[in-house]
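Spelled out, the chains give:
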Amino acid sequence: MDYFRAIYKADERSPRALRLTRRAIHLNPGNYTVWHFRRLVLEALNTDLDEELDFIQRIANSNSKNYQLWHHRRWVIERLGSNARAKELHLIKSILSLDVKNYHAWSHRQWVLQALGGWEDELDYCQQLLEQDIFNNSAWNQRYFVVTRSPFLGGLIAVRASEVRYSVEAIVANPNNECPWRYLRGLYKDDIESLVNDREISSVCLKPSQEFRDAVVALWTSDTHPLDADLATAICDILEHVDSLRASYWIWRKNKLPIAA
Amino acid sequence: MESFTSPTVTQRDQILVEQQVFSIFKTFYDMPPSSQSFMLELQRENHVEYLTNGLKQLGPSFCVLDANRPWICYWILHSIALTDEFVDPELEDNTIDFLSRCQDPNGGYGGGPGQLPHLATTYAAVNSLVTLGGDKALSSINREKLYSFMRQMKDASGGFRMHDGGEIDVRACYTAISVASLLNILDDELVQNVGNYILSCQTYEGGISGEPGSEAHGGYTFCGLATMILINEVNRLDLSSLIDWVVFRQGVEGGFQGRTNKLVDGCYSFWQGGIFALIKRLNSTKGERSIPLGDGEDSTASSDATEESSNKDLSQGGSHSEKGDHHDTSSRVNVDDISHNSSKGHAKVDPLFNSLALQQYILLCSQDLNGGLRDKPGKSRDHYHTCYCLSGLSVCQRSWSEDEDAPPLPRAVLGPYSNLLEPIHPLYNVVLDRYQEAHEFFTGS
């Protein structure tokens, strides 16, 4: 590290400096100053960045949760451009195969898709992951990302019906899985009217009784649909007992319901 | 009708943790009362010993934290302050000198002497110095240079880069805004567009992600919410979604998970638990529990003239949107309102999360009886988890309190009352009276 400090202070941007940064990084991959300097040297030397990717990959094997590494990867890919895309998406997949919820990997993947494209297979990838583990919230989040942003799917409204069907199936298979419930709400973000009127949702999420249907509607839309608050109150009371960990939350929700006319 | 298939990885991992935690709880419940009392005790002496030793010297394996030394200072100093213990003056002095050597002549603090200044290590260094308190510590911070460092880190998107050429995310926004606010150097230039950036990070789940599009996450949700409060734009967030997301992050173990369907972790006791401390203060300053349910519309059934005027106070009286010269923070939102709520005559309200369940998790599952706290049973203790488990515990103990001057009722504190920790300022996560000293020092008031 003393060698490194000397080179850094002198701002020497030579092959020797490059080698030193490599050694320093092996010693401590969290040293962002070294990574930063390495970027300066790489630029000055106009080095082959494909090799750089291999270098990062070797460090990544034991440090997949390191911010600096992922940031450096982004920097390299930015310079390589769309040629690097396929390989990069493939690499991220392999990292995810070891740790399917790695936050950095997912953020990086989203960045690659937005910067370089490659959206075509992404929904299938999400599908695969969800088939393996329907409880994987990172995969659900990625699915939302894809259906809302992919230039090939036509936007949220276009895919909404099929996505609703998909979520409802997931709910029926595992009603205690929080992911598809939130996903469903997400599909109707800012458009509660449509959610409430979606027959497919009401058929599965609510008991057949019309009263219950209205009650849940009141819970979700209490500032725009002043329905019969008594039922909503009853629901809150029920929840206070069956979900007692969140009792004070349900009491709070109950107090926020509009007063019945 | 649930279909039975073999458990997925998520389910299996969760079951394993539940088994461990429930076995601890069962052992606890089966114990005689005297043993139970012991199990619920916060092992203050052991924790302080673990912490103090860490401040003096860390072993060779810690070289991986060589670019994070101000963080270690903060995790340790803040934890010690929470237990209301003191660090020996020589060690304090050495720490102040060390942090000064981490300060870059052009502003900001790096992970160690000679390292590039970095917003996260700046946050850690400043919080450490505020925690140490006193003239020497506080005056060692070069605010002018720090301000210019932050201006350089500011990005057109509204976010901040962590360091020269570094990553942009919600954490960087928080560390910058938090420090600027604490040091009274927050201005329109720094605040510009931050709100837009954070807003773009609120996900369909209701929580906030690190970057736009990423998964809702406890750490980033805390950072995002705190930042929005500091820049007085909190009502732009969909708060009811945010609250709905965070209440469901508390699990059967009593502790919090960082993301949906992930495992409980003691550090989220603060990142997620602290969100409730922020929300509680928001409610108090507004004079009513008036979190809007959507579109910023206030949905409390009883509309109230006083409530309206206190809404105005929050948005105008302390609004940063007023123009001021760039070092003038008299137009900043008055964060004192958020930390030090003068009693407005409210009945005590229950916190929105289950404070006692969280305390039970922290005391029974996160404590290492030899000192230090951890993520979960089976994991090793470390200073980071010690800091955030204790910070979370403090939040829990104060979660019924409307007035920070009054000590909490015994029923708010799980275990012996001696478990009581010092109160924190939830926006910065420094002990409240240290915040107050720093506030006076930097605003000259």
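It should be emphasised that the depicted structure is a prediction, and the values quoted were computed from it without experimental measurement.

Enquirer: Is there a simple way to think about the overall build of chain B in this case?
Expert: Of the regular secondary structure elements, chain B holds 20 helices and two strands. Every one of the 445 residues in chain B was classed for burial, and the buried ones make up 61%. Taking the contacts inside chain B whose residues are at least 6 apart along the sequence as the reference set, 69% of them involve residues at least 24 apart. Here chain B displays about 16500 Å² of accessible surface, and carbon together with sulfur accounts for 50% of that area.

Enquirer: How should I be thinking about the overall build of chain A in this particular structure?
Expert: Counting secondary structure elements, chain A contains 16 helices and zero strands. A total of 261 residues make up chain A; the buried ones form 53% of that total. Sequence-distant contacts, at least 24 apart, represent 55% of the contacts inside chain A between residues at least 6 apart. As displayed, chain A offers around 12400 Å² of accessible surface, 52% of which is attributable to carbon and sulfur atoms.

Enquirer: Explain helix α4 (residues 49-60) of chain A to me, please; I cannot follow it from the model alone.
Expert: Owing to its 3.6 residues per turn, the α-helix brings residues three or four apart onto one side. Look at α4(A): 16 Å from first C-alpha to last across twelve residues, which is about the 16 Å you get at 1.5 Å a residue. At the N-terminal boundary of α4(A), the capping side chain belongs to A:Asp48, with an oxygen 2.7 Å from the backbone nitrogen of A:Asp50.

Enquirer: Help me understand the interface of chain A and chain B, please; the structure alone is not making it clear to me.
Expert: When the parts come together, some accessible area is lost, and that loss is often what is quoted as the size of the interface. Counting from both sides, the interface comprises 55 residues of chain A and, opposite them, 63 residues of chain B. Both sides together, the interface formed by chain A and chain B hides about 5100 Å², and carbon and sulfur atoms give 48% of it. Our enumeration of links across chain A and chain B arrives at five salt bridges. For A:Arg185, the salt bridge is made with B:Asp244, and the minimal N-O distance between the two is 3.3 Å. At the junction of chain A with chain B, the criterion picks out 34 residue pairs in polar contact (both at pLDDT 80 or more). Of all the secondary-structure elements, those providing two or more residues to the side of chain A that touches chain B are α3 (32-45), α5 (67-80), α7 (103-116), α9 (137-149), α10 (156-173), α11 (178-187) and α16 (247-255) of chain A.

Enquirer: What exactly am I supposed to notice about the pattern of salt bridges here?
Expert: Two side chains of opposite charge can pair, provided their charged atoms sit close to one another. Tallied over the entire structure, the rule returns 32 salt bridges over all chains. Note that A:Arg16 and A:Glu12 form a salt bridge whose closest N and O atoms lie 2.9 Å from each other. Its relative accessible area of 46% is what places A:Arg16 among the partly exposed residues. Here B:Arg259 ties to B:Glu215 by a salt bridge, and the two come within 2.8 Å at their closest N and O atoms. Residue B:Arg259 is found in the loop between α13 (239-247) and α14 (268-271), and its partner B:Glu215 is found in the loop between α11 (194-199) and α12 (218-230); the two are separated by 44 residues along the sequence. A residue is classified by how much of its surface remains accessible, and B:Arg259, at 7% relative accessible area, is buried. Taken together, the salt bridges that share partners define one network made up of A:Glu178, A:Arg182, A:Arg185, A:Arg253, B:Asp244 and B:Arg249.

Enquirer: Is there a simple way to explain unusual backbone geometry in this structure?
Expert: Backbone phi values are negative for most residues with the exception of glycine, while trans is the configuration of most peptide bonds. All names here are of chain B. Although it is not a glycine, asparagine 232 sits at a positive phi angle of roughly 60 degrees. By the secondary structure assignment, asparagine 232 is in the loop between α12 and α13. The class for asparagine 232 is buried, based on a relative accessible area of 18%. Even without a glycine there, the phi angle at asparagine 429 is positive, about 55 degrees. Inspection of the secondary structure assignment puts asparagine 429 in the loop between β1 (424-425) and β2 (430-431).

Enquirer: What is the right way to read the packing of helix α8 (residues 122-132) of chain A against α9(A) from this model?
Expert: Any two packed helices are characterised by how steeply their axes cross, that is the angle between the axes, and by the distance between the axes. Residue and element names in this part refer to chain A. The contact between α8 and α9 brings their axes to 9 Å, and the two run at 160 degrees. On the basis of their axis angle, the class for α8 and α9 is roughly antiparallel. Considering only the axes of α8 and α9, their crossing is left-handed. Along its contact with α8, which presents Glu122, Leu123, Cys126, Gln127, Leu129 and Leu130, the element α9 presents Ala139, Trp140, Gln142, Arg143, Val146 and Val147. Its residues assigned to classes, the contact of α8 with α9 shows eight nonpolar, two polar and two charged.

Enquirer: Looking at this structure, I do not really get the packing of helix α2 (residues 15-27) of chain A against α3(A). What am I missing?
Expert: Residues and elements named next belong to chain A. Where α2 meets α3, the axes come as close as 9 Å, and the angle between the chain directions of the two elements is 150 degrees. With respect to α3, the element α2 is oriented roughly antiparallel. Handedness of the α2/α3 crossing: left-handed. On α3, the residues that touch Pro15, Ala17, Leu18, Thr21, Arg22, Ala24 and Ile25 of α2 are Val34, Trp35, Phe37, Arg38, Val41, Leu42 and Leu45.

Enquirer: Please clarify how the nonpolar core should be interpreted in this entry.
Expert: General note: in soluble globular proteins, nonpolar side chains tend to be found buried as a group. If you look at the biggest cluster of nonpolar residues, it comprises 126 residues, and the most contacted ones within it are B:Leu119, B:Val126, B:Leu146, B:Phe160, B:Phe222, B:Leu225 and B:Tyr388. Setting aside chain neighbours within four positions, we find B:Val126 in contact with B:Tyr109, B:Ile141, B:Leu146, B:Val179, B:Leu182 and B:Leu183. Judged by nonpolar contacts, the second largest core, of 63 residues, contains A:Phe4, A:Ala17, A:Ala84 and A:Leu91.

Enquirer: Can you walk me through the side chain of B:His47 in this structure?
Expert: Along the chain, the position of B:His47 falls in helix α3 (residues 44-56). Every residue in contact with B:His47, bar those within four places of it in the chain, is listed here: B:Leu42, B:Gln367, B:Asp368, B:Gly371, B:Gly372 and B:Leu373.

Enquirer: Even after reading the chapter, I still don't get a negative patch on the surface, so can you show me in this structure?
Expert: Residue and element names in this part refer to chain A. A cluster of acidic side chains, namely Asp48, Asp50, Glu51 and Asp54, defines a negative patch on the protein surface. Following the sequence through the fold, aspartate 50 ends up in helix α4. Residue aspartate 50 is classed as partly exposed on the basis of its relative accessible area, which comes to 39%.

Enquirer: Even after reading the chapter, I still don't get the packing of aromatic side chains, so can you show me in this structure?
Expert: We describe a pair of aromatic rings using the distance from one ring centre to the other and the angle between the two ring planes. Within this structure, the stated rule accounts for 34 aromatic pairs over all chains. An angle of 50 degrees between the planes, with centres 5.6 Å apart, marks the rings of A:Trp140 and A:Tyr166 as tilted. Of this pair, A:Trp140 sits in helix α9 while A:Tyr166 sits in helix α10; the two residues are 26 residues apart in sequence, bridging distant segments of the chain. Across the pair, A:Tyr166 and A:Trp140 agree in class, each one buried. Centroid distance A:Tyr183 to B:Tyr204: 5.9 Å. Interplanar angle 90 degrees. Geometry classified as edge-to-face. One end of the pair, A:Tyr183, is in helix α11; the other, B:Tyr204, is in the loop between α11 and α12, on a second chain. Side by side, A:Tyr183 and B:Tyr204 carry an identical accessibility label, which is buried. Members of the aromatic cluster, each reached through a chain of ring pairs, are B:Trp71, B:Tyr74, B:Trp75, B:Tyr123, B:Tyr174, B:Phe222, B:Phe270, B:Trp271, B:Tyr384 and B:Tyr388. Between the NZ or CZ atom of A:Arg143 and the centre of the ring of A:Tyr166, over which it lies, the distance is 3.7 Å. Positioned above the aromatic ring of A:Tyr67 is the side chain of B:Arg171, whose terminal nitrogen or guanidinium carbon lies 4.0 Å from the ring centre.

Enquirer: Any chance you could explain the side chain of B:Lys376 here in plain terms?
Expert: Following the sequence through the fold, B:Lys376 ends up in the loop between α18 (355-366) and α19 (383-397). With near-sequence residues (within four places) excluded, B:Lys376 lies in contact with B:Val17, B:Leu263, B:Val264, B:Tyr361 and B:Cys365.

Enquirer: How should I be thinking about the environment of A:Ser202 in this particular structure?
Expert: With respect to the element layout, A:Ser202 can be found in helix α13 (residues 199-205). Note on A:Ser202: relative accessible area 10%, which makes it buried.

Calculation criteria
Within each chain, residue numbers correspond to sequence positions counted from 1 in written order. Chains carry letters and ligands carry numbers; both start at the beginning, A for chains and 1 for ligands, and go up in the order they are written. Given that the model is predicted, a residue must reach a pLDDT of at least 70 before its local features are reported, and side-chain atom pairs must reach 80 or more before they are shown or counted; all residues, however, enter totals for whole chains, interfaces and linings. Only heavy atoms go into the side-chain values, all of them from the structure, while hydrogens and water stay out. Every helix listed is a DSSP run of H or I at least four residues long, and every strand listed is a run of E at least two residues long, numbered separately from the N terminus. Only protein chains enter the calculation, and the probe is 1.4 Å; a residue is then buried if its accessible area is under 20% of its type maximum, exposed if over 50%, and partly exposed in between. By definition, residues are in contact when any of their heavy atoms lie within 4.5 Å. Accessible areas in this description were obtained via Shrake-Rupley with a 1.4 Å probe; residue shielding takes into account the shown protein chains only. Each helix should span, by expectation, one fewer than its residue count multiplied by 1.5 Å. A 3.5 Å cut-off defines polar contacts: any pair of N or O atoms within that distance qualifies, except that in protein one atom must be a possible hydrogen donor and the other a possible acceptor, and neighbouring residues in sequence count only when both atoms are side-chain atoms. Buried surface area refers to the total accessible area, computed with a probe of radius 1.4 Å, that the two partners give up upon joining, counted for both partners together. Here a salt bridge means any side-chain nitrogen of Lys or Arg lying within 4 Å of a carboxyl oxygen belonging to Asp or Glu. Geometry is summarised by axes, namely lines fitted to C-alpha atoms with helices restricted to the contacting stretch, and by angles between N-to-C directions that run from 0 to 180 degrees. Just so you know how the angles are binned, under 35 degrees is roughly parallel, over 145 roughly antiparallel, 65 to 115 roughly perpendicular, and the rest oblique. Take the far helix as your reference; a near helix turned counterclockwise from it by less than a right angle gives a left-handed crossing, and one turned clockwise gives a right-handed crossing. Residues were grouped as follows: Ala, Val, Leu, Ile, Met, Phe, Trp, Tyr, Cys and Pro as nonpolar; Asp, Glu, Lys and Arg as charged; and all remaining residues, including Gly, as polar. We define a nonpolar core as any set of buried Ala, Val, Leu, Ile, Met, Phe, Trp, Tyr and Cys residues linked to one another through side-chain atoms lying within 4.5 Å. Patch members must show over 30% relative accessible area and no salt bridge, and they are joined within 9 Å when carrying like charges or within 5 Å when they are nonpolar side chains of Val, Leu, Ile, Met, Phe, Trp or Tyr. Under this rule, positive means Lys or Arg and negative means Asp or Glu; His and the chain ends count for nothing. Charged groups are reduced to one reference atom each: NZ for lysine, CZ for arginine, CG for aspartic acid, CD for glutamic acid. Ring pairs are drawn from Phe, Tyr and Trp, using the six-membered ring of Trp, whenever the two centres fall within 6.5 Å, and their geometry is named by plane angle: stacked under 30 degrees, edge-to-face over 60, tilted for the rest. Placement of a positive charge over a ring is assigned whenever Lys NZ or Arg CZ falls within 6 Å of the ring centre and within 35 degrees of the normal to the ring plane.

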